[in-house]
Structures are given as C-alpha cells and as structure tokens.
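Residues per chain are reported as follows:
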Amino acid sequence: MASRARLFKEYKEVQREKTADSDIQLICDENNIYRWTAHIKGPADTPYQEGVFQLSINVPEQYPLVPPQVRFVTKIFHPNVHFKTGEICLDILKTAWSPAWTLQSVCRAIIALMSHPEPDSPLNCDCGNLLRSGDHRGYRSMARMYTRLAAVPNILH
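The name that an unreviewed UniProt entry assigns to the protein chain is E2 ubiquitin-conjugating enzyme, with the source organism given as Ceratopteris richardii.

Laid out in structure tokens, this is it:
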C-alpha cells in the first residue's frame, strides 16, 4: 500500500506542476495507478530535438523500493534503447535505483541519456558501433531520420 500512497503523492505533484516542466507530460492511467504514459520532448542540440517521444511506465507494487519498468513506445535510434522493444539501458532503472527517484526524475534522466548516449553499453549495436567508430555524422543522420519518421511533434501543449 505504500506504493499506492507514493504514486498518489506523485500524481498530485504532477497535476500541480503541469506547466512548470514543459519537456515532460506524465499521464496516469485513469483505471490503474500503476500504469503511466509519458511524453518527453527531444532535448535541444540533439538529433531528437524536433520529436516528442512516448514512454510506457509500469510501476511495480514494491515501488519505490524497486524501479519502474520504462520503455520507449516511439521508435528511436539510440545506442541505449533496444530498437524493437524500446527497452532502455539506464543504470537508475537497474542497479543504481534509489527510492528518492520519482517518475518525473526518471523522465529527466532519460532526456539526459538522449543528450549523452553511452555507446559502450549498447542495446542497439548498430547505433553503438557508429558512435564507437567515430561516425557521429552517420549516427546523427539516422537518429534525425527516425525522429522525423516516428516522433510526432506537437503532442505537448
């Protein structure tokens, strides 16, 4: 039950701060407080900057003691995101989780990962190989193309 109380607190916080963070829109499933959707804006000065990306967030009943399961629904070309499943390789969603993290701060960390990819621990090997071989132009070109194809702009208002 602690997880439910924590999620209600986060929900109220999200409602109160809706306009404060225009890069993140968190939406709770009206029938299930353990299921959330997030829309995040691609960070500026990255190949993702024109896009808005949808995340699926499934919160376990042990939350906040264990991390939520977060994945990209929107296709994204990024070394730390599995292209088919949307799984995200991010330490705070695995071994570095702390109950101090909130759903909002997890979304912030994902936006930071979009700005600073880690090609040495890729889930998308093709993307990781481009970056590791120094082909930053190829990476940016592919990432920008998939952003334009898959990330629908103007979902956030």
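Back to the write-up after that little detour.
Caption draft 1: Local environment of helix α3 (residues 125–132). Listed as buried for α3 are C127, G128 and L131. Along the axis of α3, the buried positions cluster into a sector of 100°, meaning they face one direction only. Residues of α3 that are buried sit in contact with α4 (136–150). Capping of α3 at its N-terminal end is provided by N124; its side-chain oxygen lies 3.3 Å from the backbone amide nitrogen of D126. Positioned one or two residues after α3, G134 has a phi angle of 85°, which is positive.

Caption draft 2: Geometry of the side chain of N124. Position of N124 among the secondary structure elements: in the loop between α2 (103–115) and α3. A distance of 3.3 Å separates a polar atom in the side chain of N124 from the backbone nitrogen of D126. With residues near it in sequence (within four places) discarded, N124 still touches F77, H78, P79, V81 and F83.

Caption draft 3: Region of the structure containing the pattern of salt bridges. As enumerated under the stated definition, the model contains five salt bridges in all. Close ionic contact of R16 with E13 constitutes a salt bridge, the shortest N to O distance being 2.5 Å. With R16 and E13 both in helix α1 (residues 2–16) and three residues apart, this pair spans about one turn of that helix. Across the pair K94 and E87 runs a salt bridge whose closest N-O atoms are separated by 3.8 Å. According to the relative accessible area criterion, K94 is partly exposed, its value standing at 45%.

Caption draft 4: Region of the structure containing the layout of surface pockets. Quantified by volume, the second largest pocket comes out at close to 180 Å³. The set of elements that each furnish at least two residues to the lining of the second largest pocket consists of α1 and α2. The element best represented in the lining of the second largest pocket is α1, accounting for five residues. In the lining of the second largest pocket, the residues fall into three nonpolar, two polar and five charged.

Quick notes on the rules
- Residues numbered from 1 in each chain as written.
- Predicted model: local features only at pLDDT ≥ 70, side-chain atom pairs only at ≥ 80, totals over all residues.
- Heavy atoms only, no water.
- Buried < 20%, exposed > 50% of the residue type's maximum accessible area, 1.4 Å probe, protein only.
- Helix = DSSP H or I, 4+ residues; strand = E, 2+ residues; numbered from the N terminus.
- Arc of directions from axis to C-beta.
- Contact = heavy atoms within 4.5 Å.
- Polar contact = N/O pair within 3.5 Å; in protein donor to acceptor, adjacent residues only side chain to side chain.
- Salt bridge = Lys/Arg side-chain N within 4 Å of Asp/Glu carboxyl O.
- 1 Å grid on protein atoms, 1.4 Å probe; cavity = no way out; pocket = protein on both sides within 12 Å on 5 of 7 lines; lining within 4 Å.
- Points joined across faces, edges and corners; volume = space filled by probe spheres on them.
- Nonpolar A, V, L, I, M, F, W, Y, C, P; charged D, E, K, R; others polar.

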